[in-house]
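What the coordinates show
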Amino acid sequence: MTRDPVMSASVADLDAYLDAAPRPDCDAVDVGPFTLFVSRSPWPYYARPTVGRHAPITVGDLDALAAACVEHGVDLGIEWVHEVHPELAALVAAYGLDLSSHVLMRADAQEVTAAAVDGVTLRVLAADDPALPAGRATADVAFTAGGTGPGPEGATERDTFLDKLEPELIEHLNDRTRRGLTITAVAEDPSDGVVAVGSYQPMGEFAEIMAVATLPSARRRGLAGALTALLARHAHDEAGVRTVLLAAQDDAVARVYARVGFQQVGTTHAAEPAG
């Protein structure tokens, strides 16, 4: 893999992983300096700057990408690593797209550790486990509530989201689990059931830990750290993963992951039309 001489090897490798991860469920379409990932699943994807092409991206390139999205019937969205294409953040903002940024972090999979949490059971799920859609609903509640602090939302709100999940999406979750593309773990409370969830997506020696979420009513107990450590350990022991990465939504979340062994190595961006 060709690397930009000013880019650290670790960031280059993480960027290559982020390019590989969508491909099992997408058609990859070349659009100038971008790769547009057109989903074959219920889950929408996005475009990324093509790995190995480091020439600055232009407004004309964005026009071509927007036209390709219309042609393929997908929404315009772009994700990238800032350190690979630092010019792109200002360009997409000037283009009128909404920009969000996340803290890119990495860790050695076998060095991610966290204290045990009393009163809950942590386990990795197989396909067709009822906890798999419950975990998805848990994440929906957590991300809708936002933030990292405690709140009133709990099992009742989770079950409301669970009842609204489309059968097609539930089957997609089970299918990715069967194929080993997404591995999910949950924390279960004896009374409330699933109260926290997280997953990882392995590709070779790398895996991204993602969608770690805790019901607001169960926050501040160390569940996110404990689940992250379990996922990293499972990725190392069962999938041969050596490096885990994640994108923390803000500095407060990044501090949670720093406590279990992650280090910041860069910034990821996502851009989409306003609204």
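Before reading on, note that the structure itself is shown above.
My aim in this report is to walk through the structure given alongside it, one point at a time. Remember, it's a predicted structure, so these values are computed and weren't measured experimentally.

Comments concerning the environment of proline 273
Note on placement: proline 273 falls in strand S11 (residues 263–273). A relative accessible area of 40% means that proline 273 is categorised as partly exposed. Counting along the chain gives 177 residues from proline 273 to glycine 96, while the straight-line C-alpha distance between them is 7.0 Å. In contact with proline 273, not counting residues within four places along its chain, are Leu76, Leu97 and Asp98.

Here we look at helix H8 (residues 251–259)
Taken residue by residue, H8 has Val253, Ala254 and Tyr257 as its buried positions. Along the axis of H8, the buried residues cluster in a sector spanning 100°; they form a single face. Opposite its buried face, H8 presents the exposed residues Asp251, Arg255 and Arg259, each directed more than 90 degrees away. On its buried side, H8 packs onto strand S5 (97–108), strand S9 (206–214), helix H7 (223–239) and strand S10 (243–248). The residue sitting at the N-terminus of H8 and contributing the capping side-chain oxygen is aspartate 250; that oxygen lies 3.1 Å from the backbone nitrogen of alanine 252. Glycine 261 lies just past H8 and shows a positive phi near 125°.

Some words on the pairing of strand S2 (residues 34–39)
In terms of burial, S2 is a largely internal element, 5 of the 6 residues being buried. Sheet analysis places S2 next to strand S3 (residues 47–49), joined by 3 bridges and oriented antiparallel. Its bridge partner being in S3, leucine 36 is matched across the sheet by alanine 47.

A few points about the side chain of threonine 214
Note on placement: threonine 214 falls in strand S9. With sequence-adjacent residues up to four places away left out, threonine 214 is seen in contact with Ala142, Val195, Ala196, Arg219, Leu223 and Ala224.

Some words on the pairing of strand S7 (residues 183–189)
Of all 7 residues in S7, 7 are buried; the element is thus mostly enclosed. The alternating pattern of S7 places Ile183, Ala185, Ala187 and Asp189 on one face and Thr184, Val186 and Glu188 on the opposite face, and all of these are buried. Bridging between strand S6 (residues 121–124) and S7 involves 4 bridges; their strand directions are antiparallel. Residue pairing in the sheet places leucine 122 in a bridge with alanine 187 of S7. Note: S7 against strand S8 (residues 193–203), 7 bridges, orientation antiparallel. Pairing of aspartate 189 across the sheet is with glycine 193, part of S8. Here S7 hands over to S8 after 3 residues, the two strands then running antiparallel side by side.

Conventions we followed
Residues numbered from 1 in each chain as written. Predicted model: local features only at pLDDT ≥ 70, side-chain atom pairs only at ≥ 80, totals over all residues. Heavy atoms only, no water. Helix = DSSP H or I, 4+ residues; strand = E, 2+ residues; numbered from the N terminus. Buried < 20%, exposed > 50% of the residue type's maximum accessible area, 1.4 Å probe, protein only. Contact = heavy atoms within 4.5 Å. Arc of directions from axis to C-beta. Polar contact = N/O pair within 3.5 Å; in protein donor to acceptor, adjacent residues only side chain to side chain. Pairing = 2+ DSSP bridges.

Geometric descriptors of this kind do not, in isolation, establish any biological role.
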